[in-house]
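Topology and contacts: notes
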Amino acid sequence: MAKETVLVSGGAGYIGTHTTVALVEAGYDVVVIDNFSNSEPSAIEGVEKILGRKITFEEVDTCDKEALRKVFERYDFSTIIHFAAYKAVGESVSEPLKYYQNNLVSYMNILELMKEFKRPNVLFSSSATVYGNAEVLPVTEQTPRQPATSPYGNTKQIAEDILRDCCNAYENFYGIALRYFNPVGSHPSALIGELPRGVPNNLVPFITQTAAGIRECLAVFGNDYDTPDGTCLRDFIDVVDLAKAHVAAVNRMVSGKMKEKYEIFNVGTGTPLSVLELITRFEKANNLKLNYKIAARRQGDVPAVWADTTLANNELGWKAERDIDDTLRAAWAWEKHVRGIK
Ligand code: UFG
């Protein structure tokens, strides 16, 4: 039987590289596209080293519809995983048009071409940000979304709604939105990982850069929340587990096992960890001390959010498996690899 091919947009990015590896390991062919706007060609080399072979790659900006059209003309795939997007929450507040333009125009191009070329399956990267500050925890897929507090979050909500409407309206058009919680860690080979440009916004890259001596001190944003130790609670999901959730979702789409034309799944561990707990686990797992201090709350942070993963467990047959200590060792191994630290 011929292998199914999956188009991976933003495939040179953090989650895109890990998912590409997982797809190929699961027996899929991939066509990876990226414009390297927030990634490096070395990411593709890392993927190829892990896999021990070349992958099909095209340098394409998904906002350039004619360039994208050529990809649709050249390759026969039934499924796209659409990762390509900007993701810095703070920047989206100061540069909303940049976010709406890039994240929604690229997405519309993809959806229009999927329809035009009769390619049925769209897997969209959504986010737990859609739940906002939820009243009841953990959140299920039925937990009401809250009005977005950033243009970035708004692009996720709008994109979910566009996908739902397309699935309702068009024959042979199917969508899955995966709502990621907090992706962390790296492939155990340390050949791929997150490559933030400038000062990292996210916790784990800031931790690893502090451990590497690139940042002097990690600021813990607030210890006066109504949580057990006063710091925020998050659901930190290993990126390798997250990648496997994509494979499970693609399997479901291509084997015709979807129960609705548009489905949503939470992708998390189901277990919350506080910011301070994560720091302590990082220190222990890697046998080092981090320089950190308590600082003021960061505007827009929710006190706590974690996933009810029952639906993904039962329907996708997927479950987070990686141990958080292994995850934090992998995160540090990757930082050391990038910095050339022994
Ligand atoms: N934090 C710190 N210091 C830092 C960075 C983060 O204390 O230097 C804290 C934050 O205050 C928060 C926690 O660590 O309590 C996690 O922060 P991240 O920035 O790593 O992640 P967020 O939970 O804010 O955001 C992530 C993704 C978003 C997504 C959101 C959904 O980065 O893309 O989850 O909940 F929208």
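Right, let's walk through the structure included here.

The rules behind the values
- Residues numbered from 1 in each chain as written.
- Predicted model: local features only at pLDDT ≥ 70, side-chain atom pairs only at ≥ 80, totals over all residues.
- Heavy atoms only, no water.
- 1 Å grid on protein atoms, 1.4 Å probe; cavity = no way out; pocket = protein on both sides within 12 Å on 5 of 7 lines; lining within 4 Å.
- Points joined across faces, edges and corners; volume = space filled by probe spheres on them.
- Helix = DSSP H or I, 4+ residues; strand = E, 2+ residues; numbered from the N terminus.
- Nonpolar A, V, L, I, M, F, W, Y, C, P; charged D, E, K, R; others polar.
- Phe/Tyr/Trp six-rings, centres within 6.5 Å; stacked < 30°, edge-to-face > 60°.
- Buried < 20%, exposed > 50% of the residue type's maximum accessible area, 1.4 Å probe, protein only.
- Lys NZ or Arg CZ within 6 Å of the ring centre and 35° of its normal.
- Near = heavy atom within 4 Å.
- Polar contact = N/O pair within 3.5 Å; in protein donor to acceptor, adjacent residues only side chain to side chain.
- Areas by Shrake-Rupley, 256 points an atom, 1.4 Å probe, with all protein chains shown as cover.
- Core = buried A, V, L, I, M, F, W, Y, C linked by side-chain atoms within 4.5 Å.
- Contact = heavy atoms within 4.5 Å.
- Disulfide = S-S within 2.5 Å.
- Expected span 1.5 Å × (residues − 1).
- Axes fitted to C-alpha atoms, helices over the stretch in contact; angles between N-to-C directions.
- Parallel < 35°, antiparallel > 145°, perpendicular 65-115°, else oblique.
- Left-handed = near helix turned anticlockwise from the far one by under 90°.

1. Focus: empty space enclosed by the protein
- All chains considered together, the criterion is met by 1 cavity of 30 Å³ or more.
- By volume, the largest cavity is sized at about 80 Å³.
- Along its surface, the largest cavity is lined by His82, Phe83, Ala84, Ala85, Asn103, Tyr107, Phe124, Ser125, Thr155, Lys156 and Ala159.
- Counting residues per element, the ones that place at least two in the lining of the largest cavity are helix H5 (96–116), strand E5 (121–127) and helix H6 (151–169).
- It is H6 that contributes the most residues to the lining of the largest cavity, 3 residues altogether.
- Looking at the lining of the largest cavity residue by residue, the class counts come to 6 nonpolar, 4 polar and 1 charged.

2. A look at the packing of aromatic side chains
- Scanning the model with the defined rule gives 8 aromatic pairs in all.
- Between Phe72 and Phe77, the aromatic rings sit 4.9 Å apart at their centres with planes inclined by 70°, giving edge-to-face as the arrangement.
- According to the relative accessible area criterion, Phe72 is buried, its value standing at 1%.
- Owing to a relative accessible area of 2%, Phe77 belongs among the buried residues under this scheme.
- Between Phe72 and Phe117, the aromatic rings sit 5.4 Å apart at their centres with planes inclined by 50°, giving tilted as the arrangement. With Phe72 in helix H3 (residues 65–74) and Phe117 in the loop between H5 and E5, the pair connects residues that are 45 residues apart, well separated along the chain.
- Feature note: the residues Phe72, Phe77 and Phe117 constitute an aromatic cluster, connected by ring pairs.
- Sitting over the face of the ring of Phe77, Arg119 holds its NZ or CZ atom 4.6 Å from the ring centroid.
- For Lys261, the ring lying beneath its charged end belongs to Tyr174, and the centroid distance is 5.5 Å.

3. Structural notes on the site of the ligand
- Around the ligand sit 18 residues, and of these Asn202, Ala219, Arg234, Arg298 and Asp301 come closest.
- Between an oxygen atom of the ligand and a side-chain N or O atom of Tyr152, the distance comes to 3.1 Å.
- Here an oxygen atom of the ligand and a backbone polar atom of Leu203 are 2.8 Å apart.
- Protein coverage of the free-state accessible area of the ligand, which is 680 Å², stands at 89%.
- Residue assignment for the shell around the ligand shows that the elements contributing at least two residues are helix H7 (203–211) and strand E8 (218–221).
- Examining the composition of the shell around the ligand, we find that 4 residues originate from one element, E8, more than from any other.

4. Notes on the nonpolar core
- Formed by 43 residues in total, the largest nonpolar core has its most connected members in Leu23, Ile176, Leu178, Leu316 and Trp318.
- Counting residues per element, the ones that place at least two in this core are strand E1 (5–9), helix H1 (14–25), strand E2 (29–34), helix H2 (41–51), strand E6 (174–180), helix H8 (239–254), strand E11 (262–267) and helix H10 (310–316).
- At 10 residues, H8 tops the list of elements feeding residues into this core.
- Apart from the residues within four sequence positions on either side, Ile176 is in contact with Val122, Leu123, Phe124, Leu163, Ala249, Arg252, Met253, Met258, Glu263 and Phe265.
- If you look at the next biggest cluster of nonpolar residues, it comprises 25 residues, including Phe77, Ile80, Cys167 and Ile264.

5. Re the state of the cysteines
- All told, the structure shown has 0 disulfides when counted by the stated rule.
- The thiol sulfur of Cys166 is not disulfide-bonded, and the nearest other cysteine sulfur, from Cys167, lies at 6.8 Å.
- Given a relative accessible area of 12%, Cys166 falls into the buried group.
- Distance from the sulfur of Cys232, which forms no disulfide, to the nearest cysteine sulfur (Cys217) is 17 Å.

6. Remarks on helix H11 (residues 324–339)
- Over its 16 residues, H11 runs 23 Å from end to end, which matches the ideal 22 Å to within 8%, given 1.5 Å per residue.
- For H11, every residue scored as buried is listed here: Ile324, Asp325, Thr327, Leu328, Ala330, Ala331, Trp332, Trp334 and Glu335.
- For H11, the secondary structure elements touched by its buried residues are strand E7 (182–184), H7, strand E10 (236–238), strand E12 (273–274) and helix H9 (275–286).
- Directly beyond the C-terminal end of H11, a positive phi value near 70° is found at Gly340.

7. Here we look at the packing of H3 against H5
- Two elements in contact, H3 and H5, have axes whose closest approach is 10 Å; the angle formed by their N-to-C orientations is 40°. Relative to H5, the element H3 is oriented oblique. Crossing handedness for the pair H3 and H5: right-handed. When H3 is examined against H5, the residues Lys65, Leu68, Arg69 and Phe72 are found in contact with a partner set consisting of Asn109, Ile110, Glu112, Leu113, Met114 and Glu116.

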